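Structure at a glance
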Amino acid sequence: MTTLISARWKLRPLFPRALLVLLFTLPWLSGCGINNIPTYDEQAKAAWAQVENQYQRRADLVPNLVATVKGYAAHEQETLIAVTEARAKVGSIQAGKDLLDNPQKLQQFQAAQSELGSALQRLMVVVERYPDLKANQNFLALQSQLEGTENRISVARRDFIQAVNQYNREIRTFPGRIWHWILYSDMPLRETYEATNQNAEQAPKVDFND
């Protein structure tokens, strides 16, 4: 019993030393990028949230846009239905941060958004045949909002791609690769945004001032 108590008293001074070592080590670990991987992951998620925000803004414009075009070109049913159905398909896919952890669902989401973009392009081609519609003030306002939204979508996707590339590069290179192996092995490489059709990186042309 005496030997055990003596051993405990000998170990007690080690605790303050261990604490001091930890306090001196933490700034060094931070400087070596121990927090980079979760930081970059959060940045990628925030960038994706902006992509979704702009996609939602575009989806919100579609009903008014379709209604306005329909008032002047009601017989263009095929194009109007294509836009409406494409928007419905986009709305059927649950977005959110969890989408980034499901590559297959992310690809479906991207394909649905691309389909909506293509349908809007076809709708704008139809508009060219209706001068009165092109001069309608409500349509002009919607056109301006859509054009701005498409530009914001392009910027948001670019920022997301850059954020994902930074995160993936950190995992694959030194010293991030070591920290990933030691602390963050449950955090996988992330899928980046991929165009699902030709020229998908280009915003739909919505300039009617020819």
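Residues numbered from 1 in each chain as written. Predicted model: local features only at pLDDT ≥ 70, side-chain atom pairs only at ≥ 80, totals over all residues. Heavy atoms only, no water.

Let's talk about the pattern of salt bridges
- Applying the stated rule across the entire model yields nine salt bridges.
- Measuring nitrogen to oxygen at the nearest pair gives 2.9 Å for the salt bridge that ties Arg190 to Asp101. Taken as a pair, Arg190 in the segment after α8 (176-182) and Asp101 in the loop between α4 (77-92) and α5 (103-127) lie far apart in primary sequence, 89 residues in all.
- According to the relative accessible area criterion, Asp101 is partly exposed, its value standing at 47%.
- For Glu128, the salt bridge identified is with Lys134, shortest N-O distance 3.2 Å.
- Members of the salt-bridge network, linked through shared partners, are Asp41, Glu42, Lys45, Asp101 and Arg190. (Salt bridge = Lys/Arg side-chain N within 4 Å of Asp/Glu carboxyl O. Helix = DSSP H or I, 4+ residues; strand = E, 2+ residues; numbered from the N terminus. Buried < 20%, exposed > 50% of the residue type's maximum accessible area, 1.4 Å probe, protein only.)

Some remarks on the packing of aromatic side chains
- Per the counting criterion, the structure on display carries three aromatic pairs.
- Measuring from centroid to centroid gives 5.0 Å for Trp48 and Phe160, while their planes differ by 55°, and the two rings are tilted. In this pair, Trp48 sits in helix α3 (residues 36-72) while Phe160 sits in helix α7 (residues 137-172), placing the two residues 112 residues apart along the sequence. Neither residue differs from the other here; Trp48 and Phe160 are each classed as buried.
- What links up through ring pairs into an aromatic cluster is the set Trp48, Tyr55, Phe109 and Phe160. (Phe/Tyr/Trp six-rings, centres within 6.5 Å; stacked < 30°, edge-to-face > 60°.)

Describing α4
- The terminal C-alpha atoms of α4, which comprises 16 residues, lie 22 Å apart, in line with the 22 Å expected from a rise of 1.5 Å per residue.
- Within α4, the full set of buried residues consists of Thr79, Leu80, Val83, Ala86 and Val90. The buried residues of α4 occupy one face: seen down the axis, they fall within an arc of 130°. For α4, the exposed residues set more than 90 degrees away from the buried face come down to Glu78, Glu85, Gly91 and Ser92. (Expected span 1.5 Å × (residues − 1). Arc of directions from axis to C-beta.)

Points about the packing of α3 against α4
- Packing of α3 against α4 leaves a shortest axis separation of 10 Å and a crossing angle of 165°. Between α3 and α4, the angle is such that the two are roughly antiparallel. Taken as a pair, α3 and α4 cross one another with a handedness that is left-handed. Facing Ala59, Asp60, Val62, Pro63, Val66, Val69 and Lys70 of α3, the residues of α4 in contact are Gln77, Leu80, Val83, Thr84 and Arg87.
- Of the residues belonging to the contact of α3 with α4, the class tally is seven nonpolar, two polar and three charged. (Axes fitted to C-alpha atoms, helices over the stretch in contact; angles between N-to-C directions. Parallel < 35°, antiparallel > 145°, perpendicular 65-115°, else oblique. Left-handed = near helix turned anticlockwise from the far one by under 90°. Contact = heavy atoms within 4.5 Å. Nonpolar A, V, L, I, M, F, W, Y, C, P; charged D, E, K, R; others polar.)

Comments concerning a nonpolar patch on the surface
- Where nonpolar side chains cluster on the molecular surface, the patch consists of Phe174, Ile178, Trp181, Ile182 and Leu183 and spans about 610 Å² of accessible area.
- Within the secondary structure, Ile178 is located in helix α8. (Patch = residues over 30% accessible without salt bridge, like charges linked within 9 Å, V, L, I, M, F, W, Y side chains within 5 Å. Areas by Shrake-Rupley, 256 points an atom, 1.4 Å probe, with all protein chains shown as cover.)

Side note on the packing of α4 against α5
- Between α4 and α5, the shortest axis-to-axis distance is 9 Å and the interhelical angle comes to 160°. With respect to their mutual orientation, α4 and α5 come out roughly antiparallel. Helix-helix and strand crossings are classified by hand; for α4 and α5 the assignment is left-handed. Every residue of α5 that contacts α4 at Thr79, Leu80, Ala82, Val83, Ala86, Arg87, Lys89 and Val90 is listed here: Ala112, Gln113, Glu115, Leu116, Ala119, Leu120, Arg122, Leu123 and Val126.
- Residue composition of the contact of α4 with α5, by class: 11 nonpolar, two polar and four charged.

Examining the confidence of the model for the protein
- Summing up the model confidence of the protein, the mean pLDDT is 83 and the portion of residues at 70 or higher is 76%.
- Ranking the elements of the protein by mean pLDDT puts helix α1 (residues 2-11) last, at 49, and α7 first, at 96.
- In this model residues 18-23 is a low-confidence stretch, pLDDT under 50, and it forms zero contacts with partners more than four residues away in sequence or in other chains.
- Note on residues 196-210: pLDDT under 50 across the span, and 30 contacts to partners over four residues away in sequence or across chains. (pLDDT = per-residue confidence, 0-100.)

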